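As a plain string of letters, each chain reads:
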Amino acid sequence: ALEADASVLAGELKAKKEALLAEVARAQAFEAEVTALQQAGAAKEKALAANLKAAAAKATECEAELTKAKAWHAELEVERAEKKALVQALAQAKAELDKNPGIKWLASICG
């Protein structure tokens, strides 16, 4: 009877040992998975940082282009104002010439 009890106990111990070994294997697999996920996360974080840096560089480039465009726009506005002033000055000069009797006389002769 003692031998039978010892045999049963030995079987139970063997089963518990195998269960513990299986649990250790699962824990090691889980640890490996966690490590892989951490490495993948670190790689993604590095890639995101690189993308962010590239986006910041592009934004700086776009800001520079916008500044150039604003400067060109300001130059165009100045040129438009100068053109408008010249057109007004020419119109005023023509009006003054049209009022001048000598010019009217010359115009009537020249036809």
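Shown above is the structure to which this text applies.
Because the structure is a prediction, the values reported are computed rather than measured.

**Student:** Any chance you could explain the overall build of the protein here in plain terms?
**Tutor:** When helices and strands are counted, the protein shows two helices and zero strands. For the protein, the C-alpha radius of gyration of 46 Å lies well beyond 13 Å, the compact-globule estimate for 111 residues. If one aligns the C-alpha atoms of the protein with their principal axes, the spans along those axes are about 150 × 15 × 15 Å. With 111 residues in all, the protein has 0% of them scored as buried. Carbon and sulfur atoms provide 66% of the accessible area of the protein, an area that totals close to 10,000 Å². On the protein, the mean spot of the 16 positive side-chain charges and the mean spot of the 17 negative ones are 12 Å from each other.

**Student:** How do you make sense of the pattern of salt bridges when you look at a structure like this?
**Tutor:** Pairing is possible between side chains that carry opposite charge, provided their charged atoms lie close to one another. Evaluation of the coordinates by the stated rule reveals six salt bridges. Across the pair D98 and K94 runs a salt bridge whose closest N-O atoms are separated by 3.0 Å. With D98 and K94 both in helix α1 (residues 2–99) and four residues apart, this pair spans about one turn of that helix. Assessed through its relative accessible area of 52%, K94 is described here as exposed. The partner of E96 in a salt bridge is K99, with the nearest N and O atoms 3.8 Å apart. In this pair, E96 and K99 both sit in helix α1, three residues apart, roughly one turn of the helix. Classification of E96 as partly exposed rests on a relative accessible area of 45%. Since its relative accessible area comes to 59%, K99 is described here as exposed.

**Student:** Hey, could you run me through helix α2 (residues 101–110) in this one?
**Tutor:** The periodicity of an α-helix, 3.6 residues per turn, causes residues three or four positions apart to be oriented the same way. When you tally the buried positions in α2, you get zero out of 10 residues, a small fraction of the element. You can read the cap of α2 off the contacts: a side-chain oxygen lies 2.8 Å from the backbone nitrogen of G102, and it is on N100.

**Student:** Sorry if this is basic, but what is going on with a nonpolar patch on the surface here?
**Tutor:** Together, L97, I103, W105, L106 and I109 give the surface a local cluster of nonpolar side chains, amounting to about 500 Å² of exposed area. Among the elements that make up the nonpolar patch, the one with the highest residue count is α2 (four residues). Considering the arrangement of structural elements, one finds I103 in helix α2.

Criteria and cut-off values
Residues numbered from 1 in each chain as written. Predicted model: local features only at pLDDT ≥ 70, side-chain atom pairs only at ≥ 80, totals over all residues. Heavy atoms only, no water. Helix = DSSP H or I, 4+ residues; strand = E, 2+ residues; numbered from the N terminus. Rg over C-alpha atoms; globule rule 2.2 N^0.38 Å. Buried < 20%, exposed > 50% of the residue type's maximum accessible area, 1.4 Å probe, protein only. Areas by Shrake-Rupley, 256 points an atom, 1.4 Å probe, with all protein chains shown as cover. Lys, Arg positive; Asp, Glu negative; His and termini not counted. Charge placed at Lys NZ, Arg CZ, Asp CG, Glu CD. Salt bridge = Lys/Arg side-chain N within 4 Å of Asp/Glu carboxyl O. Polar contact = N/O pair within 3.5 Å; in protein donor to acceptor, adjacent residues only side chain to side chain. Patch = residues over 30% accessible without salt bridge, like charges linked within 9 Å, V, L, I, M, F, W, Y side chains within 5 Å.

These results come straight from atomic positions and should not be treated as a statement about function.
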